[in-house]
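Fold and contact review
Residues per chain, in single letters:
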Amino acid sequence: MIKKILIANRGEIAVRVIRACREMGIASAAVFSAVDRAALHVSQADEAYSIGAATAAESYLNIARILEVAKRCGADAIHPGYGFLSENAKFARACAEAGIKFIGPPPSAMELMGSKTRARQAMQSAGVPFVPGSARGLSLAEAPSVAAQIGFPVMVKAAAGGGGKGMRLVRTPEELKAAFETAQSEAQRAFNDGEVYIEKLIEDPRHIEIQILGDEHGNLVYLGERECSVQRRHQKVIEEAPSVAVDDDLRSRMGQVAVQVAKAAGYANAGTVEFLVDKASNFYFLEMNTRLQVEHPVTELVAGLDLVHLQIRIASGEKLPFRQEDIILRGHAMECRIYAEDPDNNFFPSPGKITQLLRASGPGIREDSGVYEGWRVPLEYDPLLSKLIVYASDRASAIARMRRALDEYFVGGIKTNLLLIRRIFEHPDFVAGRINTGFLDRLLASRPEPKADENGLAEIAAISAALFAANSATSNGRNSQSGSGEKPGSSPWKQVARVEGLRNE
Ligand code: MV4
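Residues numbered from 1 in each chain as written. Predicted model: local features only at pLDDT ≥ 70, side-chain atom pairs only at ≥ 80, totals over all residues. Heavy atoms only, no water.

**What to know about the environment of Val 302**
Within the secondary structure, Val 302 sits in helix α10 (residues 296-303). A residue is classified by how much of its surface remains accessible, and Val 302, at 7% relative accessible area, is buried. Other than its neighbours up to four places away in sequence, Val 302 contacts Ala 241, Ile 328, Leu 329, Arg 330, Gly 331, His 332, Ala 333 and Tyr 391. (Helix = DSSP H or I, 4+ residues; strand = E, 2+ residues; numbered from the N terminus. Buried < 20%, exposed > 50% of the residue type's maximum accessible area, 1.4 Å probe, protein only. Contact = heavy atoms within 4.5 Å.)

**Some thoughts on the pattern of salt bridges**
Per the stated rule, a full pass over the model turns up 35 salt bridges. Taken together, the shared-partner salt bridges in this structure form one network comprising Glu 209, Arg 226, Lys 236, Glu 239, Glu 295 and Arg 337. (Salt bridge = Lys/Arg side-chain N within 4 Å of Asp/Glu carboxyl O.)

**Things to note about the sheet that holds strand β7 (residues 165-170)**
Strands belonging to one sheet form pairs held by backbone hydrogen bonds; the direction of such a pair is parallel or antiparallel. On the basis of which strands lie adjacent, the open sheet formed by three strands has the order β7-β6-β8 and antiparallel pairing. One side of each edge strand has no neighbouring strand; the edge strands of this open sheet are β7 and β8 (196-200). Ignoring strand direction, the axes of neighbouring strands in this sheet form an average angle of 25°. The sheet contact formed by strand β6 (residues 154-162) and β8 spans five bridges and is antiparallel. When the bridges of β8 are listed, Lys 157 appears paired with Tyr 197. Contacts from helix α7 (residues 143-150) reach β6 and β8, with the element oriented near 20° to β8. (Pairing = 2+ DSSP bridges. Axes fitted to C-alpha atoms, helices over the stretch in contact; angles between N-to-C directions.)

**Some words on unusual backbone geometry**
Across the junction of Phe 152 and Pro 153, the peptide omega takes the value 0°, indicating a cis bond. For Pro 153, the position within the fold is in the loop between α7 and β6. The step from Ala 241 to Pro 242 runs through a cis peptide bond, and the omega angle for that step is -5°. Within the chain, Asn 269 stands out as a residue other than glycine whose phi angle is a positive 75°. Structurally, Asn 269 is set in strand β12 (residues 269-277). We note that Phe 347 has phi near 60°; this positive angle belongs to a residue other than glycine.

It is worth stressing that arrangement in space is one thing and function is another; only the former is reported here.
Spelled out as structure tokens, the structure:
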């Protein structure tokens, strides 16, 4: 029986785990860095402990300090959240040695999946379809013949990589040598491991992943897919379940392969098997993430399950309370990641004080947030503020619901990506489900809608904003969505229409 869990994380995911603890009658212990003393997760936990200076290396990555706190406060388990130490096999082993249960997979599975070449070899033996290419690391001398055999274009990838680091696209034999050497040195620098291998390029793929869940008695199930193609530089922005590209037959084939992957890795607890899906609906194993993911809520909503509860029950030694045939996926869920960053300035992080925070609520809305009004967002960590998640009976209703929720949502004092998210939800390709991993780059390369008469409009909008501000006793104040608290707002069109009384939207 787990009685107290230390959460080795911060922000929305720490709050998410603390909530599960509270619901399960388990005590929660938070840890915090020097700049997180007043963070939301600290006030939500039953106990909280300082673990060091602001930089992650000195606090949320500080294995010795975190274990010392866990022992001192009597925690019997540690939940690592995502990021930080969540995929660190050394940390998982150190937990086991300290007699503290790591809520996650066995360290051996984490190690296997940490090496793309080792994972590919294991999957080859298990008969899992992976992207065609070399199963092992290559030398520069071997590269040309292997690439020629696979057929150009190819990808050169770091074995220790993930998230796009140490990855090079090679279109012709002439480009191979330079790309191979760059990938090698990038991998050496980033991961202290220069091993690289070659894969066939899958052109304009969708990124679709399968959630799996396994207990420590060998039972494994899949909980359907998440469509994660809307991303920029490997940072996801919108995720949904189900994917418009996956029908029942494809889902069950991908699900069975995902379970096969997990079985071959000796996996237990929650995990995600990533696939690339090409235009002809062929799917290829890409990598496995050995942690709870940011986008887990969309799966929770369509499956009607609480993944954190289940992680904790699995870590306590319980058997899965259902079999594959008991899993029913229903409805449609979508998630937006709200980041403190400035899309108009190269997505620069935008730390600072949140002077106003208006949230969305009502039917079908879930908000997983790590912030509050008056909180100063620190510069040191990932700029994710919160996740806005909707659930509805079908995709069109979920989009309508998300647009409504975005209308309600406002963050003042710092820049956010809320306007960009709104643009995505209004884009005809997104609405039609015509998305792949290039969608967001294409949208960003295209010009934003308001074109004609920008100057005159801005002026009128500024006047209208002032009128709304003067009338703030009756206004809900959400009319400015710019995040800067200065600009006239996301939708000057709408405000002008209101002021002039031309239309009633
Ligand atoms: C690929 C690919 C196309 N073909 N591999 C990017 C992150 C890394 N984990 C794998 N990635 C890719 N690997 C082959 N053989 C395209 C990508 C890719 C991508 C994958 C998932 C989500 C977003 C992406 C964006 C650009 C490229």
